[in-house]
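Here is how the chains run, residue by residue.
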Amino acid sequence: MQAELLDIRNHIAQHAPFDEMPEELLDRIVTGIEVAYYRAGTQILELGQQNYWLHYIRSGAVEIFRRSGELYNRIGEGEIFGQFGLLRNQKVRFPAKAIEDCLIYKIPYETFQHLWENDENFADFVEIEDHSRLRSAVSRRHKSNELMSAKVTRLIAREPVSAPTTVRLQEAARIMTDNGVSALLLMDESGDSPRLKGIITDRDLRTRAVTNALPSETPISEIMSEGLITISARSYIFEAMLTMLHNNVHHLPVMEDHEVRGVIALSDIVKYESQSSLYLVSNIYHQNDVKGLKKISREVRDSFVRMVNEDANSHMIGSAMAGIGRSFSQRLLELGEEKLGPPPIPYCFMALGSMARDEQLVVTDQDNAMVLDDSFIPEEHDEYFLALAKFVSDGLAECGYTYCTGDIMATNPKWRQPLSVWKDYFTDWIDNPKAEALLNSNIFFDLDGIYGETDYAEQLKTLIVNKASNSQRFLTFLARNALNRTPPLGFFRTFVLEEDGKHQKTFNLKRRGTAPVSDLIRVHALACGSRSQNSFERLRDIAKTKLMLDDDAGNLRDALEFISIVRIRHQALAIEEGRDPDNNVRPEDLSPFERSHLKDAFQIVSNAQKFLRFRYNAGGATRNV
Amino acid sequence: MSSVIKSGNSKQNWPENYRKGAEQAKDTRIRAFYEAGCPSPDTPVRDVPLVALDFETTGLEADQHSIVSIGLVPFTLTGIQLGQCWHQVVRPRLPLHKTSVTIHGITHSEIENAPDLEDVLDPLFEHLNGRIPVVHYRNIERPFLNTALQWRLNEQLRFPVIDTMAIEAHLHPNRNPSRWQQLMGKKPISIRLADSRLRYGLPHYASHNALIDAIATAELLQAQILHHFSPDTPIGDLWV
C-alpha cells in the first residue's frame, strides 16, 4: 500500500471489526477499495440485487431495512453493511438507503472472503448472528474474576470435623475447641455408614445453649440445626457466596458423592475476598437499632461499586444486593419483634419484585407484603402487624430503600392479609385476568418469603405454579402487559434510535432494557410451571421444557446479562463520581463496545417479544413507552 | 443557469486535436497518449474513463518552479479504484524552497534520491492514456506537465481537463459578496478543495499529499455530478 494512503487505513483501523486487524490485512483492504459517492435519498442496495461488495461508511449515514420494509438499523461513519448477503448467495438481504450524502468505501467480495478466512475476529463479527458477538462480549468480561472461576474446594483447608449426634453439649464444645473450628458436623451413625444429620456452630452455642443456660449434659441433637443447606464440591466460590447470602447461613458443608468433603465458613470467603459484601451482611446482624443499620447502609453502595470493579456478573451483584436488602429487612423484623413483643399469630414477611428475583441494584424502592396466619382476627391482631410493618418500612426507608410509590408495602392493609385471602387474590388474578389489574400485580408474581413462616410463601408459589400454566387467558394478558415496554432499536450517533425512526437523547436502561426481559421471562416461566424467581434460573427452567429453543434462551440470557451489566456499570460510575445513580443513559456515556453490543442485545429482546406475542396470541402492535 | 463550464478552450475540437497530435508527435510516449484517443464531446460523463491528477510543486509558475510529486488515481463516476493509484516523488530542477518543504511533507533526502520526471514518464503515461484528467484548479497540472515535457522532450502535450474548481466557480458565480453584502455580514464562498468538499458532506483528510489530494478531487467530482449535473451530462459540457 502507498504510504500516502495512511489516512484511509487509519480511519478503517479505528472501527470494529478492523480495529484489531494486522497491518497487512488492512493494507489489503485499502488497495482493494473502490470509493463511491451517494447522494442522500439514493437506494444503495436493493433487495435481492446481486452485490459483491462489503460497504464501509467513510462519511454520511445509511438506513438498513428488513425484507418487510421495516427499519432495521441506522448506521453511520465507520460502520459496515452488505455483509449478510455476501455470506450467502451475494444477493442483498437487507436493503440500504443513504439518508445523508455518503462516501462509501466498497471492499470487494474477494477481499471480504480473504478476511473471513484469515481473521477470526472479522469472521465472528460479520457472521453474526448478532447473538454470538454478544456472547463473546459477555464471556470476555468475565474471565478475570477469581470468585467466578475458582471452585469451593479451594477454600477447604482441612478434613471435616464431626461427631456422632449422640454426643452431649459439653463434649461437642470440647471437640470444637480442641480442633479450633467454628462449626461441628453431626453424623447419624445408626446406619451402615455415617450420614450427615446436622450442624452446630459457635453462634448456636452462644444463642441456644449459653443464653438459655442449658445443662452441659443436654444431647446435642436437641439444639443442632437440621435440614442442612449444603453445596456441591463442583460449585464455584461465588455460588457458595450466593447460597450463604440467600439462606443467611454462615457455614456450608461441601458435598461430594453424598460424602462431606469439608466445611466452608463465611470467614473463609471473606478472607478470600476481604471486602466481600458478605462482610456487610454479617455486620447488619450485629446492629441493635435503626440508627446503627442506617449507619452501615452507607456501605451498601461501596460494596456494590467494589463488586462491579471486581468484574462480578450481574447475577452475582443482583443476588448480593438482594441478600443485603433481605438482611436489612430481616434484622428490622427481629428488632421490631424485640420492641413490640412476639407476634400474636404466625406470619410471613414477603419480598416482592427485584428483591425476590435476586436482581436488586442500588437504586431501588421497597416492595413487600405480609401473609398472616388464617387465625387472623383484624380487631385483635392487626394493630400489632401494622405497627411491625410500619417499623420495618420506616426502617428500610432510613436505610435507603425508599417507600414504594405504588404502595405495595405491608403497611397497606390490602397487602397485609391472611393466607386464605392471598390465595383468593392470586386465584382471582389468574382466573379473571384484567389487563389493568395485572399491570399493577405483575410484581406479586415475583415473590419470596424472607422471614417467619416462609412456608406460606411457598404455598402461594405452589398455587401459582398449578394454576398459571393452565390458564391461557391469564398468560395472554400477562404477555400483553410484557409487551408494553419495548427496547429501543439501537443507537445512531448521539441519539437513541426508536423503531419509528425518531430520536431520543436518553433512555431508561431499566424500563427499556432489563424490565422488558424479566417481564417476558416471567410469562414463559409461569407457562412452564417454574418455581424459580430469578430470571436466569427461570430461563434455565424454560429451556428444559423446550418451550423456547436452547439457542434462544441462551441468547436471551446473554442479552439480559449484558444490559444488566451496562446498567450496573452506569450506576457504579455515578456513585464513584459522587452523583446519584439512576437508570437514564445517554448514548455518549456508553463506550463503543457497550453501544455496539447493547444494540445486539436490544435486537434479541425485540425478537423475543415478537415470539412472546405469537406464542401467547397477545396480538396488537407493541407500544413505545 | 447554463450547465456548460466555459473556458478559452471551448472552441477546441479535442478528438481532432488528438488525431493531429498523434500524427505530429515524435516521442513514442506522446504519440501513444494521443493515439489512445479522446472521447467525442457528446459522450455521457458516466462512460468516460477519468484520472484524478494532483502535483505538488515548488511554486505556482510553471516556467519558474518545478514538480515535486505526482499523485493520480484512475476512476469513473461509479468508483475510484484505490488499488490503481500511483504516487511518485520527482527531483525538481530548482532547489527546494524551505517553506515548501513543510507544505509537502517530503524530506530533502527523499527528493535527493528521487528520479527525474523523465525517468518516470512510462508509468505516468500508462495511467494517463485513454483517460480525461481531473484536477482542482487547471492552472497547475496541465501547464507544469506541458512545460516539463517541453523542456525534456521538446514537445508539447495538449489535452482537456475537468476542473472541479471551475465547476465550483460556475456554481457560485457571486461568491464574493459586494461591499454592501459584506457589511450585512455575508461571507465569501471558498472554492478551495477542502472547503468545496465540505459542501457535499465529504470527509476532511488530515494529511496532504499529491495522492490524497487527487483522491479528494475524484470524490469531489463524483459529488458535483450527482448534485448539480447528471451521469448523462456530455463530457464536452464539463471539460475545459
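Residues numbered from 1 in each chain as written. Chains lettered and ligands numbered in written order. Predicted model: local features only at pLDDT ≥ 70, side-chain atom pairs only at ≥ 80, totals over all residues.

## Overview of the overall build of chain A
For chain A, the helix and strand inventory stands at 23 helices and 24 strands. Seen through its principal axes, chain A has C-alpha atoms that stretch 90 × 55 × 50 Å. Put simply, chain A has 625 residues, and 46% of those count as buried. Pairs at least 24 residues apart make up 70% of the contacts formed inside chain A by residues separated by at least 6 positions. (Helix = DSSP H or I, 4+ residues; strand = E, 2+ residues; numbered from the N terminus. Buried ≥ 20, exposed ≤ 12 C-beta atoms within 10 Å, placed from the backbone. Contact = placed C-beta atoms within 7 Å.)

## Brief notes about the packing of helix α16 (residues 419-431) of chain A against helix α18 (residues 454-468) of chain A
The description of two helices packed together rests on the angle between their axes and the distance between the axes. Residue and element names in this part refer to chain A. Contact geometry for α16 and α18: axes closest at 10 Å, N-to-C directions at 20°. What the angle tells us is that α16 and α18 run roughly parallel. Here α16 and α18 pass one another in a crossing that is right-handed. Residues Leu-419, Trp-422, Lys-423, Phe-426, Thr-427 and Ile-430 of α16 pack against Tyr-456, Gln-459, Leu-460, Leu-463, Ile-464, Lys-467 and Ala-468 of α18. Among the residues making up the contact of α16 with α18, the classes are represented as nine nonpolar, two polar and two charged. (Axes fitted to C-alpha atoms, helices over the stretch in contact; angles between N-to-C directions. Parallel < 35°, antiparallel > 145°, perpendicular 65-115°, else oblique. Left-handed = near helix turned anticlockwise from the far one by under 90°. Nonpolar A, V, L, I, M, F, W, Y, C, P; charged D, E, K, R; others polar.)

## Side note on the domain arrangement of chain A
Domain annotation of chain A identifies domain 1 (3-128), domain 2 (150-272), domain 3 (290-460) and domain 4 (469-615). For domain 1 of chain A and domain 3 of chain A, the distance between their C-alpha centroids amounts to 52 Å. (Domains from an automatic or database assignment.)

## A closer look at the UniProt feature "domain: Cyclic nucleotide-binding" (unreviewed entry) in chain A
Per the UniProt annotation, the sites labelled "domain: Cyclic nucleotide-binding" (unreviewed entry) are residues 17-115 of chain A. When the span residues 17-115 of chain A is considered, its composition is 22% helix and 38% strand, and the gap between its end C-alpha atoms is 10 Å. (UniProt positions renumbered as here; feature names shortened; annotations may be inferred.)

## Overview of unusual backbone geometry
All names here are of chain A. A cis amide bond links Ala-16 to the next residue, Pro-17, at an omega of 0°. Looking at where Pro-17 falls in the secondary structure, it is placed in the loop between α1 (6-13) and α2 (23-32). Non-glycine residue Asp-407 carries a positive phi angle of around 60°. Note on placement: Asp-407 falls in the loop between α15 (378-398) and β18 (416-418). Phi is positive for Asn-617, close to 55°, though the residue is something other than glycine. Tracing the backbone shows Asn-617 in the segment after α23 (592-615).

## Let's talk about the nonpolar core
Within the largest apolar cluster, 134 residues are counted, with the highest numbers of intra-cluster contacts made by A:Met350, A:Val371 and A:Val523. Broken down by element, this core gets its largest block of residues, ten residues, from helix α22 (residues 550-576) of chain A. Among all residues touching A:Met350, those that are not within four sequence positions of it are A:Asn368, A:Ala369, A:Val371, A:Leu447, A:Asp448, A:Gly449, A:Ile450 and A:Ala457. Membership of the second largest hydrophobic core comes to 93 residues, among which are A:Leu45, A:Val92, B:Val134 and B:Leu157. (Core = buried A, V, L, I, M, F, W, Y, C linked by C-beta atoms within 7 Å.)

## Considerations on the UniProt feature "domain: CBS" (unreviewed entry) in chain A
The residues that UniProt annotates with the feature "domain: CBS" (unreviewed entry) are residues 156-216 and 224-280 of chain A. In this annotation, residues 156-216 of chain A is assigned 33% helix and 26% strand; the end-to-end C-alpha distance for the span is 31 Å.

## With respect to the sheet that holds strand β12 (residues 225-226) of chain A
Residue and element names in this part refer to chain A. If you walk across this open sheet you meet the four strands as β9-β10-β11-β12, and the pairing is mixed. Of all strands in the sheet, those bounded by a partner on one side alone are β9 (162-164) and β12. Sheet analysis places β9 next to strand β10 (residues 183-188), joined by three bridges and oriented parallel. By the bridge assignment for β10, Ala-163 is matched with Leu-186. Running at roughly 125° to β10, helix α8 (residues 169-179) makes contact with β9, β10 and β11 (195-201) of the sheet. Sitting on the sheet, helix α9 (residues 202-210) is in contact with β11 and β12, with an inclination near 70° to β11. (Pairing = 2+ DSSP bridges.)

## Quick word on the sheet that holds strand β21 (residues 495-497) of chain A
Residue and element names in this part refer to chain A. Spatial strand order, β20-β21-β22: three strands in an open sheet with antiparallel pairing. Strands with a single pairing partner mark the edges of an open sheet, and in this sheet they are β20 (490-492) and β22 (503-504). In this sheet, β21 lies alongside β20 in antiparallel orientation, the contact comprising three bridges. Each bridged residue has a counterpart across the sheet, and for Gly-490 the counterpart in β21 is Leu-497.

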